[in-house]
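Okay, here's what each chain looks like letter by letter:
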Amino acid sequence: VSVSVSEGVTFIGEGAFTGSQLLEKITLPSTVTEINDGAFYGCPKLIDIKGTAGLKKVGGFAFNDTPWYDTISDEFAVIGDGILIKYGGAGGNVTIPEGVKSIVSAFRGKTDVTGIEFGSSVLAEIGYGSFDGCTGLHTVVIPDSVKKIGIGAFANCTSLEEVTLGGGVTEIGQSAFLSCDAIAKVKYTGSESDWEKLSIGEGNERLTEAKREYGAK
């Protein structure tokens, strides 16, 4: 089954096509700028998606568990306006390329990734489940350009011991650092008063209770 979304539609809702057994091809109009969480998740025959160039936002696991997603072989699969949706490299120390504005579910379960360098100066969001289960990470330095850390972004990073958090962050989503029980220190580039203004969701107790250093460089 092929589906062409009507011109004028601006977003695909959460779970809109989740688990659709017959969907093989989807064509999005230029008006669609947002695809929400799990929109095409688990569509076993979905092999072709057209019209992603105009996307500004992609939710968590929007395309995961589909043949289209599974067969992407690029080291960095970037769609739309700088949205990194999948990492297919060899692991080790990984540098996020310049031009990436958001990361979403891209490194989930990549246990062979041992370091992340956020090399993109325009990175604004580390989205839903981006590094979930990256058990090889010991430290992470989140740059000042990042404004939002999404739900479960670093959940289950069980070896993560130190987090450097840029002062540009305004929101840390629910369970962003869930089960990161090894976190012992948080370096924050902002001030103590800036920290107090942060919106921090539930399930981040390990982050908030760790030893904290303000004004870190």
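Residues numbered from 1 in each chain as written. Predicted model: local features only at pLDDT ≥ 70, side-chain atom pairs only at ≥ 80, totals over all residues. Heavy atoms only, no water.

Visitor: Can you help me understand the overall build of the protein chain in this one?
Guide: Within the protein chain, the secondary structure is distributed over 3 helices and 19 strands. Taking 17 Å as the expected radius of gyration for a compact globule of 217 residues, we find that the protein chain reaches 18 Å, a close match to that expectation. Seen through its principal axes, the protein chain has C-alpha atoms that stretch 55 × 35 × 30 Å. The burial tally for the protein chain puts 45% of its 217 residues in the buried class. A separation threshold of at least 6 residues defines the contact pool for the protein chain, and within that pool the share at least 24 residues apart is 34%. With the model as given, the accessible surface of the protein chain reaches about 9800 Å², and the carbon-plus-sulfur share is 47%. The protein chain carries 18 positive and 28 negative side-chain charges, and their two centres are separated by 2 Å. (Helix = DSSP H or I, 4+ residues; strand = E, 2+ residues; numbered from the N terminus. Rg over C-alpha atoms; globule rule 2.2 N^0.38 Å. Buried < 20%, exposed > 50% of the residue type's maximum accessible area, 1.4 Å probe, protein only. Contact = heavy atoms within 4.5 Å. Areas by Shrake-Rupley, 256 points an atom, 1.4 Å probe, with all protein chains shown as cover. Lys, Arg positive; Asp, Glu negative; His and termini not counted. Charge placed at Lys NZ, Arg CZ, Asp CG, Glu CD.)

Visitor: In this structure, what is going on with the sheet that holds strand S5 (residues 48-50)? I would like to understand it.
Guide: Sheets are built from strands that pair by backbone hydrogen bonding, the pairs being arranged parallel or antiparallel. The strand order across the open sheet formed by 3 strands is S1-S3-S5, and the pairing between neighbours is parallel. Each edge of the open sheet carries a strand with a single partner, namely strand S1 (2-4) and S5. Shown here is a sheet whose adjacent strand axes are inclined to one another by a mean of 5°, direction ignored. (Pairing = 2+ DSSP bridges. Axes fitted to C-alpha atoms, helices over the stretch in contact; angles between N-to-C directions.)

Visitor: Can you help me understand the environment of valine 9 in this one?
Guide: Structurally, the position occupied by valine 9 is in the loop between S1 and strand S2 (11-12). Here the alpha-carbon distance between valine 9 and lysine 147, two residues 138 residues apart in the chain, equals 28 Å. Excluding residues within four positions of it along the chain, valine 9 makes contact with Pro29, Thr31 and Val32.

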